[in-house]
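So you can see what is in the structure, the chains are spelled out below.
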Amino acid sequence: MTKKNDPASYNRIGGDVKLATRTVEIPDSVDMVIVLGQYDNRLRFLKKRFPVSIDVSDKRIVVAGNDESAVEIVENIISQVIAAAKRGYALDWQEFEALVSLYSDSTKAAETPQSSPLVGRIRPKTKGQMEYIEAMKKYDVIFVIGPAGTGKTYLAVAMALEYLKSGLVQRIVLTRPAVEAGEKLGFLPGDLVEKVDPYLRPIYDAILDMISADKFYAYRQRGIVEIAPLAFMRGRTLNNCFIILDEAQNATHQQMKMFLTRIGFNSKAVITGDVTQVDIDRQQSGLIECEKILKGIDGVGFVYLSDADVVRHPVVRNIIRAYEEYERKKNGSDK
């Protein structure tokens, strides 16, 4: 598909300056739009990121430039997009951006989002998400810390369902602290379960994205999937479970210790949180404290996601960066 050593691999321009070129051929089975993007926006994006020229003729793309490494990187990116398309997978824009970022961070990416393994039907879209999935496979207790939109809860739910389907666990337990984000919900009608239901809605949404509503409610009735506020975990031992503690930045020291000591035999626990969105006194956050207490403990892993791993609307990434910059300046001025 790629011609690397043809006679045109290096062309002289001027004196001793050499122009490196690489040619990538697009198979007839691959749609040109998938490779080039709508109105060639993918090619324009690559030309902005790397010092290369890109010419397209029929089903052939020629990448050229004075910087051989940049030419090779762009050739590899285009080849990865084509390889994914040949397998029937068309990268969306966010995945394409993530792929470019991987190659921008290092001369060669050992693994890229479209070549990474699926978790059920879910495919990680960034390097950080791939590291997160590998950590969930490797460790018994995993802390994942990152901003909104990075897939912390979503990927944990996907992995939990995959473990359940494979028979590695017998149950899934999903929990989160019932902490109000600046709103008072105590006046809502209903019993205790109905009152805490709004806090657990994000977990419902993630599950219903992956399995049918009928299957989900059948799992709940049979106790295979349990969703409960963190306070309900006290006094229990959770064996043969995949346990997810969501929004853990709002768990206190006592709650976090209580939760972590619930983990029984043949169980895995994933603790997710965003330390920039703490709705309790920051000094009381059990998640922030865990970084100091548990790092280096055998069987415990930490994964950190960033705005580069945001897979929501692209503006979310910009909003996160703007808030981080504002809070950095504000904290600096308060000192």
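Residues numbered from 1 in each chain as written. Predicted model: local features only at pLDDT ≥ 70, side-chain atom pairs only at ≥ 80, totals over all residues. Heavy atoms only, no water.

*Asks:* Would you explain the overall build of the protein chain in this entry?
*Replies:* On a plain count of helices and strands, the protein chain comes out with 11 helices and 11 strands. The proportion of buried residues among the 335 residues of the protein chain is 46%. Across the protein chain, contacts joining residues at least 24 apart in sequence account for 67% of those joining residues at least 6 apart. As presented, the protein chain carries roughly 17,700 Å² of accessible surface, and 50% of it is formed by carbon and sulfur atoms. (Helix = DSSP H or I, 4+ residues; strand = E, 2+ residues; numbered from the N terminus. Buried < 20%, exposed > 50% of the residue type's maximum accessible area, 1.4 Å probe, protein only. Contact = heavy atoms within 4.5 Å. Areas by Shrake-Rupley, 256 points an atom, 1.4 Å probe, with all protein chains shown as cover.)

*Asks:* Got a minute to help me understand the sheet that holds strand β8 (residues 225–229) in this structure?
*Replies:* In a beta sheet, neighbouring strands pair by backbone hydrogen bonds and run either parallel or antiparallel. Reading across from one edge, β8-β7-β9-β10-β6-β11 is the order of the six strands in this open sheet, with parallel pairing throughout. In this open sheet, the two edge strands, each paired with only one partner strand, are β8 and β11 (300–304). Averaged over neighbouring strand pairs, the angle between their axes works out to 15° when direction is ignored. Judged from the four bridges that link them, strand β9 (residues 241–245) and strand β10 (residues 268–273) form a sheet pairing that is parallel. Looking at the pairing, Leu245 lines up with Ile271 of β10. On top of the sheet, helix α5 (residues 127–138) reaches β6 (141–145), β9, β10 and β11; it is set at about 150° to β10, its chief contact. (Pairing = 2+ DSSP bridges. Axes fitted to C-alpha atoms, helices over the stretch in contact; angles between N-to-C directions.)

*Asks:* When you look at the side chain of Arg22 in this model, what are you seeing that I'm missing?
*Replies:* As for its placement among the helices and strands, Arg22 is situated in strand β3 (residues 18–25). Separated by 2.5 Å, the side chains of Arg22 and Glu75 make a polar contact. (Polar contact = N/O pair within 3.5 Å; in protein donor to acceptor, adjacent residues only side chain to side chain.)

Everything listed is a geometric property; what it means functionally is a separate question.
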